[in-house]
Amino acid sequence: MTQMDRRSLWRVGLAAGAAAWLPGTAGAQAWPARPIRLVVPFAAGTTTDLLARILSRHLSQALGQSVVVDNRSGAGGNLGVATVAKSPPDGYTLVLGTSGTHGVNASLYRDQGYDPVRDFAPIMPFVTAPAVLAVGRRLGVTTLAELVALAKQRPGALTFASAGNGTTGHLSQALLDLRAGIQTVHVPYRSGAQAITDLLASQVDAMFYHYLPLVQHFREGSLLPLAVTAPRRAEALAAVPTMQEGGLPDFVVEGWWALYAPAGTPPALIAQLNAAANALLRDPEAIEGLRAQGVAPIGGTPERLQAMTREEVAKWRPIIAAAGIQTD
């Protein structure tokens, strides 16, 4: 059987399964009978937006119905996610949430406008990406241990850039202070690009950031990677140790993206969406495209995503409280 035949049979099976669920009366149209809206809670051109467009193209083909990306940015992603929480649970409104919108923000904002666990039906954990701790060459350190030692010698002197308050970079810096027993200064920027520019110019000393925009600077030698925040070494930075290998055993920070529907969405629809989304992560070409965005596939069940969401919310509450982090 050819690859084309296998894909055709899979799509027919998926469509047949979807047709088995009839919302309302027996005479209702089979789902999906109209376009599906995939809300992206950040602006066009962001990593979340790019990932959503990869996912939406695949789901459109798999489900035989258009999946349209709808960018609704604001309040750290809360505005877009809140619109989905209040949408009908009929399978026609989804959201590509993140470890921020469905984890960190619960401790950063007094009122998110939604509960990341109670108000959503998890579909599938999609992809993940670690951050990398980068320093300028002029700082004179080559390992995480040397950086920590320097920070202890000069408490409150070393500066860490980030793309803004409450971002992964900011949280990683706060966690480093807590775990290593040091005191550094957080310098928030309006964007990661601005932060990188000042790091290159030695206006700041270090930063935690997604590795993809930093790789070229590592190759040129203008910046030095000290450690990655994932539990395992990143494929693209195989020579760079993890924070755990660098001497901080309780240090893991991973950004992730995941697909959710409003709470109350019928389990049959969740199952169909889960199957369709997981199929993308079995396609070698699709995986290569995702890796080009600097992310790695996760995949799995709604139950796995539910557990990830609960763990992310619980993880950051004590850290954010101890660091006194507040939103702008």
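See the structure above.
Notes on the structure in this doc start here. (Residues numbered from 1 in each chain as written. Predicted model: local features only at pLDDT ≥ 70, side-chain atom pairs only at ≥ 80, totals over all residues. Heavy atoms only, no water.)

The next thing to look at is the overall build of the protein. Counting its regular elements, the protein contains 11 helices and 10 strands. The C-alpha atoms of the protein give 21 Å as radius of gyration, which agrees with the globular expectation for 328 residues (20 Å, within 12%). Each principal axis of the C-alpha atoms in the protein carries an extent, and together these give about 75 × 45 × 30 Å. Evaluated residue by residue, the protein yields a buried proportion of 52% over its 328 residues. Sequence separation of 24 or more characterises 75% of the internal contacts of the protein that already satisfy a separation of 6 or more. Carbon and sulfur atoms form 53% of the exposed surface of the protein, whose accessible area is close to 14500 Å². Seen as two clouds, the 26 positive and the 23 negative side-chain charges of the protein have centres 1 Å apart. (Helix = DSSP H or I, 4+ residues; strand = E, 2+ residues; numbered from the N terminus. Rg over C-alpha atoms; globule rule 2.2 N^0.38 Å. Buried < 20%, exposed > 50% of the residue type's maximum accessible area, 1.4 Å probe, protein only. Contact = heavy atoms within 4.5 Å. Areas by Shrake-Rupley, 256 points an atom, 1.4 Å probe, with all protein chains shown as cover. Lys, Arg positive; Asp, Glu negative; His and termini not counted. Charge placed at Lys NZ, Arg CZ, Asp CG, Glu CD.)

Checked against the element boundaries, Glu312 lands in helix α11 (residues 302–323). At 5.5 Å, Lys315 is the nearest oppositely charged side chain to Glu312, a buried residue that forms no salt bridge. If sequence neighbours within four positions are ignored, Glu312 has contacts with Ser99, Gly103, Glu254 and Trp256. (Salt bridge = Lys/Arg side-chain N within 4 Å of Asp/Glu carboxyl O.)

Here the focus is the packing of aromatic side chains. Going through the model one piece at a time under the given rule, you end up with four aromatic pairs. Here Phe160 and Phe208 contribute two aromatic rings whose centre-to-centre distance is 6.0 Å and whose plane-to-plane angle is 25 degrees, an arrangement assigned as stacked. In this pair, Phe160 sits in strand β5 (residues 159–162) while Phe208 sits in strand β7 (residues 206–210), placing the two residues 48 residues apart along the sequence. Seen from their ring centres, Phe208 and Phe251 are 6.0 Å apart, and the 15 degrees between their planes marks the pair as stacked. Placement of Phe208 in strand β7 and of Phe251 in the loop between β8 (223–228) and β9 (254–262) is noted, with a sequence separation of 43 residues between them. By relative accessible area, Phe208 is classed as buried at 1%. Look at Phe251 and you get buried, because its relative accessible area is 0%. (Phe/Tyr/Trp six-rings, centres within 6.5 Å; stacked < 30°, edge-to-face > 60°.)

This part takes up the pairing of strand β2 (residues 67–71). Summarising the sheet, strand β1 (residues 36–40) and β2 pair through five bridges and their orientation is parallel. Its bridge partner lying in β2, Arg37 is registered against Val68. (Pairing = 2+ DSSP bridges.)

With that settled, consider helix α9 (residues 267–280). Spanning 14 residues, α9 covers 20 Å between terminal C-alpha atoms, matching the ideal 20 Å at 1.5 Å per step. Within α9, the full set of buried residues consists of Leu269, Ile270, Gln272, Leu273, Asn274, Ala276, Ala277, Asn278, Ala279 and Leu280. (Expected span 1.5 Å × (residues − 1).)

Attention shifts here to the packing of helix α6 (residues 168–180) against α11. Taken N-terminus to C-terminus, the directions of α6 and α11 make an angle of 80 degrees; their axes are 10 Å apart at the nearest point. Comparing their axes, α11 and α6 come out roughly perpendicular. Facing Leu171, Ala174, Leu175, Leu178 and Arg179 of α6, the residues of α11 in contact are Trp316, Ile319, Ile320, Ala322 and Ala323. Grouping the constituent residues of the contact of α6 with α11 by class yields nine nonpolar, no polar and one charged. (Axes fitted to C-alpha atoms, helices over the stretch in contact; angles between N-to-C directions. Parallel < 35°, antiparallel > 145°, perpendicular 65-115°, else oblique. Nonpolar A, V, L, I, M, F, W, Y, C, P; charged D, E, K, R; others polar.)

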